[in-house]
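Each chain, written out:
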Amino acid sequence: MNRERGIVIAVDGPSGAGKSTISRALSKRLGYLEIDTGAMYRAMSWLARESNLDIDDPLAVEQFAQKARVELQLDNGTTRVIADGQDVTHKIRTPEISMLTSKISALSPVRKAMMTLQRQMGAKGGVVLDGRDIGTVVFPDAELKFFLSASAEERGRRRFLELQLKGVDTSLEATIENVTKRDRQDSERELAPLRQAGDAIAIDSTGLSIDEVIAQMEKLYYKRISEKD
Ligand code: DC
C-alpha cells in the first residue's frame, strides 16, 4: 500500500470512550486527516429514517445502501457530514439517531458500502480513523492501532455532558443505559463486532484527561514511526 502521506492509525472502542474528540485532536497535531466512521453510519441511519427504510426487507436495504451518498467534507478545519447532498453534521447527534445507527450499522450492505468508502479515503495513509472495526476489519494492516475504553459510568457521564451542552433533554441514567445498550448491540452483532484487535494498544481513559490520553498516543506514534525508519 502506498503510504506517501503517513501511516494509518486505527482508533476503536465503545461509545463515549472519547474516540472522536481524541482522534480529532491527534490528527490535528500530526497533520493527519480524521475520518469519523461513526458519523458515516449515523448519516446512513439519518437517510434510512428519512426514506422510511424497512430494515427487515433485504432487497430494500441492498438498494438503499447502493444509492445512499455519504461524504465527509473538510471545511475550515471542521468536518461536515453530508448525506445525499444535505448537511446533517448536527442532526445526526441525537440519542434517537444513536440508537437507530446501532441497528443500521449491523446490516451487511450498509457495512460493505461504508467499508469501501473508508478504505478509499484511507488508502494513501496520513489518516486517523475512529470506529469499532477499523483495526479488525477495515484496516487490519494499520500500522498503529488503539483500543480506547473507559468505565460505562464515565462514558455515560461524558455523553451526558455533551448532550447537555447541545441542549438535548435527557437524564444521566438514561444516557448510561443508552451507552451500555448500544455497546451490547455493537459487541454482540454478527458482522464486524466491536472487539479489540490482537495487535491494538489498549488505553483505559477512565480518570485521564484528553491531553493525557493524546500525549500517550503521540509518544507511541513517534515510537512506531522511528521503528519503521
Ligand atoms: O462512534 P459513534 O457513537 O458515532 O457510532 C455510532 C454507531 O455506529 C455505533 O453504535 C456503532 C456504529 N459504528 C460501527 O458499527 N462501525 C464503525 N466503524 C463506527 C460506528
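Up top is the structure.
**Student:** Lay out the site of the ligand with the relevant residues and their values.
**Tutor:** R42, R111, R132, D133 and R189 are the nearest of the 16 residues found near the ligand. Contact distances for the ligand include 3.4 Å between an oxygen atom and a side-chain N or O atom of S105. At a separation of 2.8 Å, an oxygen atom of the ligand approaches a polar side-chain atom of R189. For the ligand, whose free accessible area comes to 450 Å², the fraction covered by protein is 99%. Among the elements of the structure, α2 (37-50), α4 (95-104) and α8 (172-188) are those that each provide at least two residues to the shell around the ligand.

**Student:** Report on the nonpolar core, specifying residues and quantitative values.
**Tutor:** Judged by nonpolar contacts, the single largest core of 33 residues is most densely connected at M44, F64 and V110. When residues of this core are traced back to their parent elements, those giving at least two are β1 (8-12), α2, α3 (58-67), β4 (78-83), α4, α5 (108-122), β6 (127-131) and α6 (134-138). For this core, the element with the highest residue contribution is α2, accounting for eight residues. Ignoring anything within four residues of it in the chain, the contact list for M44 reads F64, A65, A68, V70, I104, V110 and M114.

**Student:** With reference to specific residues and values, describe the packing of α3 against α5.
**Tutor:** At a minimum axis separation of 8 Å, α3 and α5 run at an interaxial angle of 15 degrees. Relative to α5, the element α3 lies roughly parallel. Between α3 and α5 lies a crossing whose hand is right-handed. For the pair α3 and α5, contact is made by V61, E62, F64 and A65 and by P109, V110 and A113, respectively. Residue composition of the contact of α3 with α5, by class: six nonpolar, no polar and one charged.

How each quantity is defined
- Residues numbered from 1 in each chain as written.
- Predicted model: local features only at pLDDT ≥ 70, side-chain atom pairs only at ≥ 80, totals over all residues.
- Heavy atoms only, no water.
- Near = heavy atom within 4 Å.
- Polar contact = N/O pair within 3.5 Å; in protein donor to acceptor, adjacent residues only side chain to side chain.
- Areas by Shrake-Rupley, 256 points an atom, 1.4 Å probe, with all protein chains shown as cover.
- Helix = DSSP H or I, 4+ residues; strand = E, 2+ residues; numbered from the N terminus.
- Core = buried A, V, L, I, M, F, W, Y, C linked by side-chain atoms within 4.5 Å.
- Buried < 20%, exposed > 50% of the residue type's maximum accessible area, 1.4 Å probe, protein only.
- Contact = heavy atoms within 4.5 Å.
- Axes fitted to C-alpha atoms, helices over the stretch in contact; angles between N-to-C directions.
- Parallel < 35°, antiparallel > 145°, perpendicular 65-115°, else oblique.
- Left-handed = near helix turned anticlockwise from the far one by under 90°.
- Nonpolar A, V, L, I, M, F, W, Y, C, P; charged D, E, K, R; others polar.

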